[in-house]
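So the chains spell out like this:
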Amino acid sequence: MTEEVVAPASACPFPFARDPQNPLDLPPEYARLRADRPVQKVTTPAGDTAWLVARYADVRALLADTERFSAEVMNPGYPRYLFPVDPQPGAFVTVDAPEHTRYRRMIMSMFTKKRAEEVRPAVQKLVDERIDALMKGPQPVDLVTHFARPIPLTVVCELLGVPYKDRLAFGRWINTLVETTSSQAHRNAAAGALFGYLTKLVAQKEKTPTDDVLGRLVVNQMAAGELKREEAVVIGMMLLSAGYDTTASSIALSILTLLEHPEQLVKLRENPDLIVGAVEELLRHQNVMQCGVGRVARVDLEIAGQQIKAGEGIIALLSSADRDESVYSDADKLDITRQDSTPLAFGHGIHSCIAKFLSRVELQVALLTLITRIPTLALAKPAEELRFRDGAIVYSLRELPVTW
């Protein structure tokens, strides 16, 4: 990690606000932090006090260091603003090794790069069907509701083995959970309905095994006594988080970003082989994890000259790290031909998003197919007039009305 001496930091409120006139830009405080105070003490709306880490090298190093940093949400110092609900057994993203390793190994075979490529044709078929439906319907059309959300929802339902007839209700519960305008009572009700549904689904798979993530957990781990039904259900809930909301948010923001950078959009349409690098650049430029991820210091340590004590909370600011000028030249600029981009959109280290390969395939197929099949795609209203999910941990659009 970088070393420099800094003065003691006083806490400031977090998160920071974006400029409503420039919704694709990060809060201006991020650049100032990277330049002047790469480790800043902050307070969150939940009353947490934590150290905000803003530079790429420091963020990447701490995410990789499991000896000095813990991901245990139940650790007293963890910034609970980022995970306000007490996790249950099976929530592998909220624990350290060896428990994290044990859970993750149970499902890893379903989320390899090879497996993601195997489902590419199915994703292509799904995307084409969505676009067929769009082109037959009225204009303008909201791409959040009719494109960005249905694609990852359908994919994750296939992965979990959710019957087609249940997917509408399934999606409604999930959207209630992730939407910040939902009341706490509505979110609690949606979480309860989703948990109850998945519990019944796992029980059904115990009677009639299926070849999907939950079905394999039933056959391979539950039958051997290695996993309880409740744990399988919670794993399913974690996969919903990993495979749905972040991907849906990235699809919507990527479409908007390309529409706001028409020269990049034309370059991609004319050079479709750029799609893999273009997705990496879009993930970097629009890292949806705007509030970062939490960690707790296991020991007294130092980051960028700032002393941090054992037990203190840390927020690794992923979106700021991905705009670090010391790593990316002209970092605020979107450049789909940028070389050697290694964004932190999916995290880093053993806790990196398990669905990262699948999400990349969905983004590649969805974006390239959309701009190719609808070359005259255009925003139906200016970007600054669109509604964004500003206060959420995962940044996203609430709407994306387009015409062609």
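Starting from 1, residues in each chain are numbered consecutively following that chain's sequence as written. Local features in this predicted model are restricted to residues of pLDDT 70 or higher, and side-chain atom pairs are both shown and tallied only at a pLDDT of 80 or more, whereas totals for entire chains, interfaces and linings draw on every residue. As a rule here, side-chain values come from all non-hydrogen atoms in the structure, and water together with hydrogens is ignored.

1. What to know about the pairing of strand β3 (residues 49-53)
Then step 1. Burial analysis of β3 places four of its five residues in the buried class, which makes it a mostly covered element.
Then step 2. Each pair of strands is called paired provided DSSP finds at least two bridges between the two strands. What counts as a helix is a DSSP run of H or I of at least four residues, what counts as a strand is a run of E of at least two, and both are numbered from the N terminus. Looking at chain direction, strand β2 (residues 39-43) and β3 are connected through five bridges and run antiparallel. From the neighbouring strand, Gln40 faces β3, where its bridge partner is Leu52.
Then step 3. Linking β2 back to β3 in an antiparallel pair, the connection comprises five residues, with Gly47 at a positive phi of about 90°.
Then step 4. Pairing of β3 with strand β9 (residues 313-316), which is carried by four bridges, proceeds in the parallel orientation. Within β9, the position partnered with Ala50 by the bridge is Gly313. Buried residues are those whose accessible area, probed at 1.4 Å on protein chains only, stays under 20% of the maximum for their type, while exposed residues exceed 50% and partly exposed ones sit between those limits.

2. A short note on the layout of surface pockets
Then step 1. Definitions used for this entry: grid spacing 1 Å over protein atoms alone; cavity, a set of points where a 1.4 Å probe fits but cannot get out; pocket, an open set with protein on both sides within 12 Å along at least 5 of 7 lines; lining residue, one with an atom within 4 Å of a point. Grid points are joined across faces, edges and corners, and a volume is the space filled by probe spheres set on the points. Estimates place the volume of the second largest pocket at around 530 Å³.
Then step 2. Lining the second largest pocket are 15 residues, with Arg130, Pro150, Leu153, Thr154 and Leu168 sitting closest to its centre.
Then step 3. Looking at the lining of the second largest pocket, the elements that each hand over two or more residues are α5 (120-136), α7 (150-160) and α8 (167-178).
Then step 4. Considering every element that reaches the lining of the second largest pocket, the biggest residue donor is α8, with five residues.
Then step 5. In the lining of the second largest pocket, the residues fall into six nonpolar, four polar and five charged. Note on residue classes: Ala, Val, Leu, Ile, Met, Phe, Trp, Tyr, Cys and Pro are nonpolar, Asp, Glu, Lys and Arg are charged, and everything else, Gly too, is polar.

3. Digging into the sheet that holds β9
Then step 1. Pairing in this open sheet of six strands is mixed, and the strands run β1-β2-β3-β9-β6-β4 from one edge to the other. What marks the edges here is a single partner per strand, and that holds for β1 (12-13) and β4 (69-70).
Then step 2. Pairing between strand β6 (residues 293-297) and β9: four bridges, direction antiparallel. Residue pairing across strands places Arg295 opposite Ile314, the latter belonging to β9.
Then step 3. Running at roughly 120° to β9, helix α2 (residues 56-64) makes contact with β3, β4, β6 and β9 of the sheet. Working rule for contacts: check all heavy atoms of both residues, and any pair within 4.5 Å makes them a contact. Inter-axis angles, ranging from 0 to 180 degrees, are taken between N-to-C directions of lines fitted to C-alpha atoms, where helices are fitted over the stretch in contact.

4. Structural notes on the nonpolar core
Then step 1. Among the nonpolar cores identified, the biggest contains 113 residues, and Ile107, Leu143, Phe147, Phe170 and Ile255 are the most heavily contacted of them.
Then step 2. Among the elements that line this core, the one with the most residues is helix α11 (residues 229-260), at 18 residues.
Then step 3. Not counting chain neighbours up to four residues away, the residues in contact with Ile255 comprise Leu143, Phe147, Leu367, Leu370, Leu377 and Leu400.
Then step 4. Among buried residues, the Ala, Val, Leu, Ile, Met, Phe, Trp, Tyr and Cys ones that are joined through side-chain atoms within 4.5 Å form a nonpolar core. With 15 residues, the next largest nonpolar core counts Cys12, Ala54, Tyr81 and Leu317 among its residues.

5. Topic: empty space enclosed by the protein
Then step 1. Scanning all chains against the criterion turns up two cavities of 30 Å³ or more.
Then step 2. When its volume is computed, the largest cavity comes out at roughly 50 Å³.
Then step 3. Surrounding the largest cavity, Arg18, Leu24, Leu26, Arg284, His285, Gln286, Asn287, Ser319, Arg323 and Tyr395 form its lining.
Then step 4. Among the residues making up the lining of the largest cavity, the classes are represented as three nonpolar, four polar and three charged.
Then step 5. Val144, Ala148, Arg149, Asp245, Ala248, Ser249, Ala252, Arg389, Ser396 and Leu397 together form the lining of the second largest cavity.
Then step 6. Elements represented by at least two residues in the lining of the second largest cavity include exactly α6 (143-148) and α11.
Then step 7. Broken down by element, the residue count for the lining of the second largest cavity peaks at four residues, all from α11.

6. Looking at the packing of aromatic side chains
Then step 1. Only the six-membered ring of Trp is used, alongside the rings of Phe and Tyr, when aromatic pairs are assigned; centres must lie within 6.5 Å, and planes under 30 degrees apart are stacked while those over 60 apart are edge-to-face, with the rest tilted. The final tally for this structure, using the stated rule, is six aromatic pairs.
Then step 2. Note on Phe14 and Phe16: the rings are 5.5 Å apart at their centroids and 85° apart in plane angle, and the pair reads as edge-to-face. Each member of the pair Phe14 and Phe16 is classed as buried.
Then step 3. Ring geometry for Phe16 and Tyr30: centres 6.1 Å apart, planes at 70°, overall edge-to-face.

7. Quick look at the state of the cysteines
Disulfides are covalent bonds that connect the sulfur atoms of two cysteines.
Then step 1. What counts as a disulfide here is a pair of cysteine sulfur atoms lying within 2.5 Å. A full pass over the atoms with the stated rule returns zero disulfides.
Then step 2. There is no disulfide at Cys12, and the cysteine sulfur nearest it, in Cys291, is 13 Å away.
Then step 3. Left unpaired, Cys157 is separated from the closest cysteine sulfur, that of Cys353, by 17 Å.
Then step 4. Judged by its relative accessible area of 0%, Cys157 falls in the buried class.

8. A short note on the environment of His351
Then step 1. Its location among the elements puts His351 in the loop between α14 (318-321) and α15 (356-373).
Then step 2. A C-alpha to C-alpha distance of 8.5 Å links His351 and His100, two positions 251 residues apart in sequence.
Then step 3. When residues no more than four places from it in sequence are discounted, the contact partners of His351 are Ala71, Phe92, Val93, Val95, Asp96, His100, Arg104 and Arg295.
Then step 4. We define a polar contact as two N or O atoms separated by no more than 3.5 Å, with the added condition that, inside protein, one atom must be a possible hydrogen donor and the other a possible acceptor, whereas residues neighbouring each other in sequence contribute only through side-chain atom pairs. Here the side chain of His351 touches Val95 through a polar contact of 3.2 Å, landing on its backbone oxygen.

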